[in-house]
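Next come the chains, spelled out residue by residue.
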Amino acid sequence: MSSTTSRPEAAKPPMREALVAAAFQLFLERGYEQTTVDDIVALAGVGRRSFFRYFPSKEDVVFPDHERCLADMTAFLAASEPDHEPVRRVCDAARLVMLMYAENPSFSVQRYRLTKRVPGLRAYELSVVWRYERALAAYLRDRFAGTPDGDLRADVIAAATVAAHNNALRSWLWSDGQGDAAEAVDHALGSVRTAFDAAPEPAAGAPADPRAGARAGARAGVAPGLPLVTALPDEDDVVVVVSRRGAPLWRVVQEIETALARK
């Protein structure tokens, strides 16, 4: 038997990876907007039908791993036990996204640079982030069902978890993937756990009120109902959020990200 049997075939990357590699080569050489699906399949040596078998659109080839990661996160949360602490659990789920990025730092950095330059990709990325947040919020809403302001608390914690994770991840990507991404994300998520792990308790001497535990401002000693995000300068690195019940979620996330960026 010849020793040259099928080594060239074995060396070929799977078609999905070949399409991603071809796409990014062309994006870097020509620019994203100037590259067509026809250009990508020509370089990869496959047909258009093969491309659309793996990717619904050109945008999807930039984010080839998010669907898998979202499925992994959903499965991870679905496998939760009743005794799992919910805030810890969503922080652990968020780490799955960090691990996905850390699997291939050079590709992740390339994608980060490309996304910053192309507004359409930035909008697409935000839609993906929203889906992660909704997965976390759905789990928390189920865990907090029947508690005062359970849905509100679930949405705020999910938004804070995503904001903290993304703040650390962007810093790592901005540094060209230098340093320990896991350590940076763990530090950021530690702020979320410190702020939300324990249910608020009534202030000493305050009259018993079953709704007091849902007032986010009680722990910080500020008047409830006032929109506020502040980072407390102590060793626990706490971020406290106080917001009106009707405040839009995007505003809460924006304020959290701003506070984390000021650290």
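Data block above holds the structure.
**What to know about the overall build of the protein**
And then number 1: When you go through the protein residue by residue, the secondary structure sums to twelve helices and two strands.
And then number 2: For the protein, the α and β elements follow one another from N to C terminus as α-α-α-α-α-α-α-α-α-α-α-β-β-α.
And then number 3: Counting contacts in the protein only where the partners sit at least 6 residues apart, residues at least 24 apart contribute 65% of the total.
And then number 4: Summed over all atoms, the accessible surface of the protein reaches about 14600 Å², with 55% contributed by carbon and sulfur.

**Looking at the pattern of salt bridges**
And then number 1: Under the criterion given, the structure shown has 14 salt bridges.
And then number 2: The salt bridge involving Asp65 is made with Arg111; its shortest N-O contact spans 3.0 Å. Of this pair, Asp65 sits in the loop between helix H5 (58-62) and helix H6 (66-78) while Arg111 sits in helix H8 (residues 105-117), and the two are 46 residues apart along the sequence. Taken individually, Asp65 and Arg111 each receive the classification buried, so the pair is uniform in this respect.

**Considering H8**
And then number 1: With 13 residues, H8 extends 19 Å from end C-alpha to end C-alpha; this agrees with the ideal 18 Å at 1.5 Å per step.
And then number 2: Where H8 is concerned, the buried positions are Phe107, Ser108, Val109, Arg111, Tyr112, Leu114 and Thr115.
And then number 3: On its buried face, H8 is in contact with helix H2 (15-30), H5, H6, helix H7 (86-103), helix H9 (119-143) and helix H10 (150-174).

Conventions adopted
- Residues numbered from 1 in each chain as written.
- Predicted model: local features only at pLDDT ≥ 70, side-chain atom pairs only at ≥ 80, totals over all residues.
- Heavy atoms only, no water.
- Helix = DSSP H or I, 4+ residues; strand = E, 2+ residues; numbered from the N terminus.
- Contact = heavy atoms within 4.5 Å.
- Areas by Shrake-Rupley, 256 points an atom, 1.4 Å probe, with all protein chains shown as cover.
- Salt bridge = Lys/Arg side-chain N within 4 Å of Asp/Glu carboxyl O.
- Buried < 20%, exposed > 50% of the residue type's maximum accessible area, 1.4 Å probe, protein only.
- Expected span 1.5 Å × (residues − 1).

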